[in-house]
Every structure is written in C-alpha cells, then in structure tokens.
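So the chains spell out like this:
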Amino acid sequence: EGKFKKSSYELVSYAHAIATELGVETTVVSIGKVADDELQSLAKYGANKILSATNQKFAVLDNAAYASVIARAAKANQAKVVVFGNNFTGKAVAPRVAVKLEAGLANSVTALPLSFNPFIVQKNIFNGKAIGQQQINSEVKVLSLAQNSFEIKEIGGTATIESFDADLDDTKFTTQLIEKNTVSGKIILSDAELVVSGGRGMKSAENWGPLEELATILGAGTACSRPVADEGWRPHGEHVGQTGKVIAPNLYIALGISGAIQHLAGV
C-alpha cells in the first residue's frame, strides 16, 4: 500500500552492515508505486541508492516477474550479495533470483556472516530447533534474513533515487488479482513483538473473546494454530506454523495449543 513495514527497515540495516564490511554501497530495489519521501525513509537505515520500479503491473505480486526485476537490478549494479526477508514473498522469489544470478542461497540467516572469506553464515535449521553454519562458494550470494533477528539501526543520511525500468514484456506477468480482502486496524503478525495465540483447546470460535481482550490490553497481535483456521474459527491469515506464517515475537502466549512441532516451526 505504498508504505514500508518494520521488516523492510530490518533488511536495509542488515544489508548496510554487510555492505560496510565489504566496502560497497547499499542499493535497495523498491517494486511498486512508492512516494519519494517514503523511499527516502530507507536512507535513515543505510540505503545509499534506491532503484524504484513503478510499472503499474507490479501492483499485483507476481513471483516470476519480481524475480526478473531484482535479478536484472542486481546484474546492472554488479551486486555480490542480495538480501531478502525470509517471509512468504522472500521464500518464493529468492530461489528464482539465485538461479538467475547463478548464486548460492542461504535461507533463514540469523546474523551477520561469521566470515567473509570464506563466506560463512549462521542460520536456523531443523525448523528452528538448531543453529547451523553454511558456506557459500559462488561469486554472488543470496541470503534471506529470519524475521526480527537483526537490530534495526538508524544512522541518518540521504539516498539517491533512480527510476529502474526492468523492460519486462507482458508474458512475464502471469498472475491476476481476482479479489482483494483488506484487514485494517490489526497488528501485522510478522512485525508483532507480542503475540497471543489460540488453538483447538479453545473449543469454539465463541470462546475467543478473552483472548482478543488480552491481545488488546497488551497491544499484541492475534494468531492461531492450523486446526483453528481449518475449522473456520479464525481467518487463515492468523495461522502460524510450518504451513502458515513464520513469526518471531519477543513474547508468545499460547492458549489451548498442544505445541506440535509443525506449529512451533512457525514461532
């Protein structure tokens, strides 16, 4: 909707830290129509240059088209490290970009590289049950950053904004938006630092009142386990787990949830 989320600032902070170590610039690719003042807000977190791709067709998320834009931007700017968020979009786009750039890919990275030569990163493995290390030997590296794993740092400054035309023909756009349901006034789960979640043990949708009241008092996001979403007690957008959303709050309150590994993989 033309506004950046907290996760975007986290990515820029992380990319800037890597760029500083490598002695290069931090370049951001913004896809879609975003006002210049909003784009300039990324400079506070270390962006030196912002490539703005504003083709109207980008209003609808199309993984293949987005991957083409980012890969072309990376090649045009001779990028050696490309950073994504480890969210739904990042999981779909990052592997495509890695193939286009003939790059090694490390997903769910949790910290700055442990070493730059060789290039070794720390990452979540076994659905977050353990921490592993991965070495990337390719010239270009693609990383996806686990949410809420890197401190957002405001450093100030200004960025150069350039229009970027990826020159994609119509055949690259294969996704159509049929219907759009917008939820407003709710805390975005991926950004939430506090989350109150309910499971099948809540017995029915009618019992969600106290849970919602607690979330309101705490200023927390609301979530649920998969059986709850499948039963229609809560919207699928609140489903957290291996097949749902992945979140990383500072506090997670689970009510009536057994704690199956498939659910914990999302926390």
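I will try to describe carefully the structure that is included in this document. (Residues numbered from 1 in each chain as written. Predicted model: local features only at pLDDT ≥ 70, side-chain atom pairs only at ≥ 80, totals over all residues. Heavy atoms only, no water.)

**What to know about the sheet that holds strand β10 (residues 194-198)**
The criterion, for reference: When DSSP finds at least two bridges between two strands, those strands are taken to pair. Under the DSSP-based scheme used, a helix requires at least four consecutive residues in state H or I and a strand at least two consecutive residues in state E, with every element numbered from the N terminus. Here an angle of 0 to 180 degrees is reported between the N-to-C directions of two axes, which are lines fitted to C-alpha atoms, with helices fitted over the stretch in contact. Contact between two residues is taken to exist if any of their heavy atoms lie within 4.5 Å; hydrogens are not considered.
In space, the 3 strands of this open sheet follow the order β11-β10-β12, with parallel pairing throughout. Two strands in the sheet have a free side with no partner beyond their single neighbour: β11 (221-224) and β12 (251-255). Each strand of the sheet is rotated relative to its neighbour by a mean of 25°, with strand direction disregarded. Pairing between β10 and β11: 4 bridges, direction parallel. Each residue of the ladder has a partner; that of Ser197, found in β11, is Ala223. Along the sheet face, helix α5 (residues 209-218) touches β10, β11 and β12 and points at about 180° away from the line of β10.

**With respect to the packing of aromatic side chains**
Spelled out, the test is: Centres within 6.5 Å make a pair out of two Phe, Tyr or Trp rings, where for Trp the six-membered ring is used; the pair is then stacked when the planes are under 30 degrees apart, edge-to-face when over 60, and tilted otherwise. The buried label applies to any residue whose accessible area, calculated with a 1.4 Å probe on protein chains only, is under 20% of its type's maximum; exposed applies above 50%, and partly exposed to all values in between.
Applying the stated rule across the entire model yields 6 aromatic pairs. Aromatic side chains Phe58 and Tyr66 sit 6.1 Å apart centroid to centroid with 80° between the ring planes, which places their arrangement in the edge-to-face category. Just as Phe58 is buried, Tyr66 falls in that class too. With a centroid separation of 5.6 Å and an interplanar angle of 50°, the aromatic rings of Phe58 and Phe173 are classed as tilted. On the criterion of sequence distance, the pair formed by Phe58 in the loop between β2 (49-53) and α3 (63-76) and Phe173 in the loop between β9 (160-163) and β10 is long-range, its members being 115 residues apart. In this structure Phe173 comes out as buried when scored by relative accessible area, which is 16%.

**Let's talk about the sheet that holds β9**
Sheet architecture is open: 3 strands sit in the order β1-β2-β9, paired in parallel fashion. Of all the strands in the sheet, just β1 (27-31) and β9 have a single pairing partner and so form its edges. Here the strands of the sheet are splayed against their neighbours by 25° on average, with no regard to which way each runs. Bridging between β1 and β2 involves 5 bridges; their strand directions are parallel.

**Let's talk about the pattern of salt bridges**
This is how it is decided: Within this document, salt bridges are pairs made up of a side-chain nitrogen of Lys or Arg and a carboxyl oxygen of Asp or Glu, the two lying within 4 Å of each other.
On inspection of all chains with the given rule, the structure shows 7 salt bridges. In this structure, the salt-bridge partner of Lys3 is Glu38, at a minimum N-O distance of 3.8 Å. Of this pair, Lys3 sits in the segment before α1 (6-22) while Glu38 sits in helix α2 (residues 36-40); the two residues are 35 residues apart in sequence, bridging distant segments of the chain. Classification of Lys3 by relative accessible area gives exposed; the value is 63%. Among the residues examined, Glu38 registers a relative accessible area of 12% and is labelled buried. The shortest N-O distance in the salt bridge between Lys80 and Glu139 comes to 2.6 Å. Taken together, the positions of Lys80 in the loop between α3 and β3 (81-85) and Glu139 in the loop between β7 (130-136) and β8 (141-145) put the pair 59 residues apart, joining distant regions of the chain. The structure contains a network of salt bridges with shared partners spanning Glu212, Arg234 and Glu238.

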